[in-house]
Amino acid sequence: MPEITNVVNTLEERKPYIALKQKVKGETFLACDNTSIAGAMSQRACVYSGARVALNPVTDAVHLVHGPIGCASYTWDIRGSKSSGKETYRTSFSTDMKEIDVVFGGEKKLAKAIDELVELYKPPVVFVYSTCIVGIIGDDLEAVCKDASERNGIPVIPVKSEGFKGTKSDGYKAACEALKVLIGTKEGDIKSPYRINLIGEFNVAGDVWLVKPLFEEMGIQVVTSLTGDSTTESISQCHIAQLNLVQCTGSMTTLAKWMKEEYGIPFKKISYFGIEDLSIALRETAAFFDSEEMKQKAEEIIARETAKIMPEIQRIRSRLEGKRAAIYMGGAAKALTLIKGFRELGMEVVIIGTQTGKRDDYLQISYEVKDGTVIVDDANPLELAELLVKQNADLMVAGVKERFLAYKVGVAFCDFNHDRVVEFEGFEGFLNFAREMDSSINSPVWKATKSNISDSINANNISSKACKSENIPVTRIDNIHEDAAITRGMEA
Amino acid sequence: MTERNYTTVNPCVMCQPMGSVMAFKGIENSMVLMHGSQGCSTYMRLHLAHHFREPVDIASTSLSERGAVYGGSENLKKGLKNVMSRYHPKVIGVTTTCLAETIGDDVGRILQEFREEEKDAEDVHIISVSTPSYEESHATGYLRAVEAIVRYFTESGVSKDIFNNKLNVVLGENIAPEDIREIKRILSSNVGPRSFIFTPDTSETFDAPMTGKAEKIFPGGTPLAEIADMKNCAASIGLGITSDNKAIDYLEGKYNVPAKRVPMPIGLEYSDRFLATLSEITGTEVPEMYKKERGRLIDAMVDVHKYLYGTRVAIYGDPEMVLGLLSLSLENGMYPVLVSPSCKTPAFKEHAQERIDRMNLDCDVKMLEGLDFDAFNDAVKEANPEMLIGNSNGKYISQQMRIPLMRVGFPIHDRVGAQRILMMGYRGTMSMIDRITNTILEAKDIELEEKWLQKKENNIPGSCCDCTPAHAHLH
């Protein structure tokens, strides 16, 4: 049973989703993995959004949204993933369904839309996302896509992401289903005896480009990264890998499991964030291939790269020691690796939550955090705001919606989602992260947020000594009210 | 690019519920409950938070498969209850989505039931607006919600029928908080600080001062008692003329509040029209302070006329703003070679044409309504403007074609200060003219600098007389 606490003021129904880690109570079980409560102001999005964020980074695909215009409008180029090649994925395609399509069905329009886009953009693949309305009016997406596929001679793949049919996690599954159709459709181009895929890596801000070279230096061929900076070609042949490294486990474990069954490719859950986790990822990969040379190379890389960033990390660490962090992430994998990352910077975690964590994730989180940490599933703004204050957090790591909430209560913020523009993965990435922690937490702006006008006189510092109140002859400006009245009169 | 008939590529519009949210956010102590799946509210919160850089809470009835099959009544009622108990709003705007509309929920009936079942609901004004996402756009969503709000409160009987001698000012399109503050300043000194009712007022709610506290609902917005009192006003002014402002039409039709319809006060002429209308309604002279502001604006116009004359500009965004900026560009001698409002409205073309016809323009003006950005892209190529004015979604075109973009309107996701962009009244117009001119000057600087560098690299003999950097040429 979850430890029902009054950690925070919230709806009765929400209480099982929030727990305080306490030493004596043993394991913390949290209610999770349910649909959001109506009116509870969840920070989650829908099934479509899950599918969209997981699949959208496929760079050369046409991502066609079958639905009314809004769904495409709000997701146009919001992912923040970078491409080293084509940029088709940054264009927003929609069938812009109108009332007439809702009444008479949108299949014909969709078929023509696909043909039109194939002709104009000549993509190697088209992903067709279904939205709420498609699920209600019952357009047969599968049939339309199958026909279009045959007509156009390219894969046209339906993504079953009707917004209301489940949670964001179901959207991840829909994206994985779509990827399955592509995988194994091309013969692979084998360039090395050692081959891996980076699964659940979205190349936000160019993360992949700080990670891939490390593996390549170890003599490994990185067949594809899924889905950040991936191409239809690289996905089609990613079955030639001998190992899948899964980072964002929440979104892509399904796919890794399927590849294990289908192609016998084992997978490992890893992270490229933080010196500790990144080193583990490199070592475990080398251990998997059981090559002494590779193991040695891995150690060499770790020693060399760590030495490069360590002096600066240590300097920053001294400025961050003991600061308190709050984590609210989409998936649990990132939340877990962040705990370690903060530890490496001498910081502690006081709040940790996710939108889509599962029971096992929360169990593991509860092992990793110290007593007194609040763990929360599917949190809402009022809970988060109260927790930030109560837990005395110095900084929050989350996405855009949480940013301004944290700011309003005077807490520093770091975006670890779509909006960030610097890499956080790899060795250099971790240094970027440390720098951002420093600039976020130690900015003088947090003094300004707590200040008052009268502070400038009362403050007992050197600069204000000269104008300390006793030095100023007490004057009263008697006509001030009169002046104000005149000004008002003039304006009126 | 070939003609497209079945797809929209890079949309210029958002869906109706978005407009509805913007209207409700300008009402005192209100929350929006979006009747649909969880994603809609989250996406709109993201979009708005990105632009205004404020936390934006929009509740959702989080419809799931069960709700879609058996109807959303249960979720809607639960959503209302939870919003009431957590946020304690005075108003809840229930706005529908494509999902709620398609499953055929009778929102009116469900709300009726809810009011009967819940005693606590008596103190809360629940206003429903039908905003299916597959119809029209965010622009109409805004107008629909404003109308629903005004109808609800004037009919509610909160206010007695006592003439209040005030002026209604009702927006026909969402504008920046800074512009609202400016218009309210103008109204305060031209009509009197307590003699007007401005609806909807997002000047505080979308741009809240830092207090160190997370407010459940940000203070500000048009007070409810004032909205109820709108029927007792002496007159109404509708800001915006491209679409019907149904709220003031309604007040005129039902309560005989005479209505004036003026364009958004952008540019000299439209600002004049706004102030002249106020002066006509109040029967008083325009205050000296505003005459001075006007004088300063004209002074500024004279200062920049050589830079602006003949500058080819493409203007896009929401229709009322585009009309205002078109007028501004015309009166400064610019060539608005491409004018592209985000959506089709009943009267944009007519008003724009009338404004253009009064000029002795030496260029063609292409007017294209309701394009997507891909089609706009092609139109830009053809019209060959030297400058773009519009929201940040034009950045791709700007980057690709290397045409400077001056960001105004909604959404602006890649620059700060969107909520503080001032373009209305004499002061706002002045700030626009300064920005436009500086954008042109900067572009010219860069262009000349590049030419100069290139010449230097190529070491062309005799180039030294041309190689003085940009600035020297522009006095």
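Residues numbered from 1 in each chain as written. Chains lettered and ligands numbered in written order. Predicted model: local features only at pLDDT ≥ 70, side-chain atom pairs only at ≥ 80, totals over all residues.

### Quick look at the overall build of chain B
Worth spelling out the cut-off: Numbering of helices and strands runs from the N terminus, with a helix taken as a DSSP run of H or I at least four residues long and a strand as a DSSP run of E at least two residues long. In this treatment the radius of gyration is a C-alpha quantity, and the globule benchmark scales as 2.2 Å times the residue count to the 0.38 power. Exposure criterion: with C-beta atoms placed from backbone coordinates, a residue whose C-beta has 20 or more other C-beta atoms within 10 Å is buried, one with 12 or fewer is exposed, and one in between is partly exposed.
The number of helices and strands found in chain B is 17 helices and 14 strands. Its C-alpha atoms give chain B a radius of gyration of 24 Å, near enough to 23 Å, the size a compact globule of 475 residues would have. Structurally, chain B occupies a C-alpha span of about 90 × 55 × 45 Å along its principal axes. Taken across its 475 residues, chain B has 56% of its residues classed as buried.

### A few points about the overall build of chain A
Stated precisely, the cut-off is as follows: Here contacts are defined at the residue level, using C-beta atoms placed from the backbone and a cut-off of 7 Å between them.
Tallying secondary structure elements over chain A gives 21 helices and 14 strands in all. Projected onto its principal axes, the C-alpha coordinates of chain A cover approximately 90 × 65 × 45 Å. Counting only residues that meet the buried cut, chain A has 54% of its 492 residues in that class. When contacts within chain A are restricted to residue pairs at least 6 apart in sequence, long-range pairs at least 24 apart make up 72% of them.

### Details of the interface of chain B and chain A
Much of the literature gives interface size as the accessible area that the parts lose upon coming together. Heads up, the condition is: Note that Gly is not counted as nonpolar here; it falls among the polar residues with everything else outside the nonpolar set of Ala, Val, Leu, Ile, Met, Phe, Trp, Tyr, Cys and Pro and the charged set of Asp, Glu, Lys and Arg.
Opposite the 62 residues of chain B that make contact, chain A presents 60 residues. Going through the elements one at a time, strand 1 (8–9), helix 2 (38–52), helix 3 (65–70), helix 4 (73–87), helix 5 (98–102) and helix 8 (177–190) of chain B are the ones with two or more residues in the side of chain B that touches chain A. Per element, the largest residue contribution to the side of chain B that touches chain A is 10 residues, and it comes from helix 2 of chain B. For the side of chain B that touches chain A, the residue count by class is 26 nonpolar, 24 polar and 12 charged.

### Some thoughts on helix 17 (residues 425–458) of chain B
Residues and elements named next belong to chain B. Here is the rule we go by: By this rule the span expected of a helix is its residue count minus one, scaled by 1.5 Å.
Taking 1.5 Å of rise per residue, the 34 residues of helix 17 would be expected to cover 50 Å, and the 49 Å separating its terminal C-alpha atoms lies within 8% of that figure. For helix 17, every residue scored as buried is listed here: Gly425, Tyr426, Gly428, Thr429, Met430, Met432, Ile433, Ile436, Thr439 and Ile440. Along its buried surface, helix 17 packs onto helix 8, helix 11 (268–282), helix 12 (288–308), helix 13 (319–331), strand 13 (387–390) and strand 14 (405–407).

### Some thoughts on the domain arrangement of chain B
Residues and elements named next belong to chain B. Cut-off, in case you're wondering: Segment limits for the domains were obtained from an automatic or database-derived domain assignment.
For chain B, the assigned domains are domain 1 (16–155), domain 2 (167–287) and domain 3 (290–442). Computed from C-alpha atoms alone, the centre-to-centre distance between domain 1 and domain 3 is 34 Å. Taken together, the residues that form the side of domain 1 that touches domain 3 break down as two nonpolar, four polar and one charged.

### Some remarks on the nonpolar core
In plain terms, the rule: The nonpolar core is taken to be a set of buried Ala, Val, Leu, Ile, Met, Phe, Trp, Tyr and Cys residues joined by way of C-beta atoms within 7 Å.
Counting residues in hydrophobic clusters, the biggest one holds 292 residues, and the most contacted among them are A:Leu64, A:Phe127, A:Ile327 and B:Ile149. Broken down by element, the residue count for this core peaks at 10 residues, all from helix 7 (residues 138–155) of chain B. When neighbours within four sequence positions are excluded, B:Ile149 is seen to be in contact with B:Ala23, B:Ile27, B:Ile127 and B:Ile227.

### Observations concerning the pairing of strand 8 (residues 235–239) of chain B
All names here are of chain B. The condition is simple: Strands were regarded as paired on the criterion that DSSP finds at least two bridges between them.
Most of strand 8 sits out of view: five of its five residues are buried. Neither face of strand 8 is exposed, since Ala235, Ile237 and Leu239 on one face and Ser236 and Gly238 on the opposite face are all buried. Across five bridges, strand 6 (residues 167–171) lies against strand 8 in parallel orientation. By the bridge assignment, Leu171 is partnered in strand 8 with Leu239. Two strands pair when backbone bridges link them, and strand 8 and strand 9 (residues 259–262) are joined in this way by four bridges, in the parallel orientation. Residue pairing across strands places Ser236 opposite Ala259, the latter belonging to strand 9.

### Some words on the domain arrangement of chain A
Residues and elements named next belong to chain A. In terms of domain boundaries, chain A breaks down into domain 1 (12–37 + 309–446), domain 2 (47–181), domain 3 (195–306) and domain 4 (462–491). Using C-alpha coordinates to define each centre, domain 2 is positioned 28 Å away from domain 3. Breaking the side of domain 2 that touches domain 3 down by element, the ones donating at least two residues are helix 1 (47–55) and helix 7 (168–182). The element best represented in the side of domain 2 that touches domain 3 is helix 7, accounting for six residues. Classifying every residue of the side of domain 2 that touches domain 3 gives 10 nonpolar, seven polar and four charged.

### Let's talk about the environment of A:Val58
Within the fold, A:Val58 resides in the loop between helix 1 and strand 2 (62–66). Ignoring any residue separated from it by four or fewer positions in sequence, one finds A:Val58 in contact with A:Tyr89, A:Thr227, A:Ser230, A:Thr232 and A:Ile235.

### Some words on unusual backbone geometry
For the bond from A:Leu226 to A:Thr227, the omega torsion is -5 degrees, close enough to zero to count as cis. By the element assignment, A:Thr227 lies in strand 7 (residues 221–227). B:Pro411 follows B:Phe410 through a cis peptide bond whose omega is -5 degrees. Note on placement: B:Pro411 falls in the loop between strand 14 and helix 17. One non-glycine residue, A:Ala205, lies in the positive phi region at around 60 degrees. If you trace the backbone, A:Ala205 turns up in the loop between strand 6 (195–201) and helix 8 (208–217). Of note, the phi angle at A:Asn392 is positive, near 55 degrees, even though the residue is not glycine.

### Side note on the sheet that holds strand 9 of chain B
Residues and elements named next belong to chain B. To keep things clear, this is the line we draw: Geometry is summarised by axes, namely lines fitted to C-alpha atoms with helices restricted to the contacting stretch, and by angles between N-to-C directions that run from 0 to 180 degrees.
In spatial order, the strands read 7-6-8-9; together these four strands make up an open sheet with parallel pairing. Only two strands of the sheet have a single partner each, and these edge strands are strand 7 (196–199) and strand 9. Taken pair by pair, the neighbouring strands of this sheet meet at an average axis angle of 20 degrees, ignoring direction.

### Considering the packing of helix 7 of chain B against helix 10 (residues 246–255) of chain B
The packing of two helices is summarised by the inter-axis angle and the distance between the axes. At a minimum axis distance of 8 Å, the contact between helix 7 of chain B and helix 10 of chain B shows a crossing angle of 35 degrees. Side by side, helix 7 of chain B and helix 10 of chain B meet where B:Leu143, B:Val146, B:Glu147, B:Val150 and B:Arg151 of the first sit next to B:Lys246, B:Ala247, B:Tyr250 and B:Leu251 of the second.

### Side note on helix 12 of chain B
An α-helical turn contains 3.6 residues, so a residue and the one three or four places further along point in the same direction. Residues and elements named next belong to chain B. For helix 12, spanning 21 residues, the distance from its first C-alpha to its last is 29 Å, which sits close to the expected 30 Å at 1.5 Å a residue. Within helix 12, burial applies to Tyr290, Glu293, Arg294, Leu297 and Leu308. Buried residues along helix 12 sit in contact with helix 11 and helix 17. Just downstream of helix 12, Gly310 is the residue with a positive phi angle, here 80 degrees.

### Remarks on the environment of A:Gln221
Residue and element names in this part refer to chain A. Here Gln221 shows up in strand 7. Separated by 19 residues in sequence, Gln221 and Phe202 place their C-alpha atoms 18 Å apart. Sequence-distant contacts of Gln221, that is, excluding residues within four places in its chain, are made with Lys191, Ser192, Tyr194 and Arg195.

### Some words on the environment of B:Arg261
Residue and element names in this part refer to chain B. Along the polypeptide, Arg261 turns up in strand 9. Here Arg261 falls in the partly exposed class, since 18 other C-beta atoms lie within 10 Å of it. Separated by 17 residues in the primary sequence, Arg261 and Asp244 have C-alpha atoms spaced 9.3 Å apart. Setting aside chain neighbours within four positions, we find Arg261 in contact with Gly238, Ile241 and Asn245.

### Some remarks on the pairing of strand 5 (residues 125–129) of chain B
Walk down a regular strand and you will see the side chains alternate between the two sheet faces. All names here are of chain B. Burial analysis of strand 5 places four of its five residues in the buried class, the great majority of the element. Across five bridges, strand 4 (residues 91–96) lies against strand 5 in parallel orientation. Within the sheet, the bridge partner assigned to Ile92 lies in strand 5 and is Ile126.

### Brief notes about the confidence of the model for chain B
Keep this limit in mind: Residue-level confidence of the predictor is summarised by pLDDT, bounded by 0 at the bottom and 100 at the top.
Of all residues in chain B, 96% attain a pLDDT of 70 or more, and the chain-wide mean is 93. Among the prediction metrics, the complex's ipTM stands at 0.91, with pTM recorded as 0.93.

### Some points on the sheet that holds strand 13 of chain B
If you trace the five strands from one edge of the open sheet to the other, you get 12-11-10-13-14 (chain B), paired in parallel fashion. The open sheet has two edge strands with one neighbour each: strand 12 (366–367) and strand 14 of chain B.

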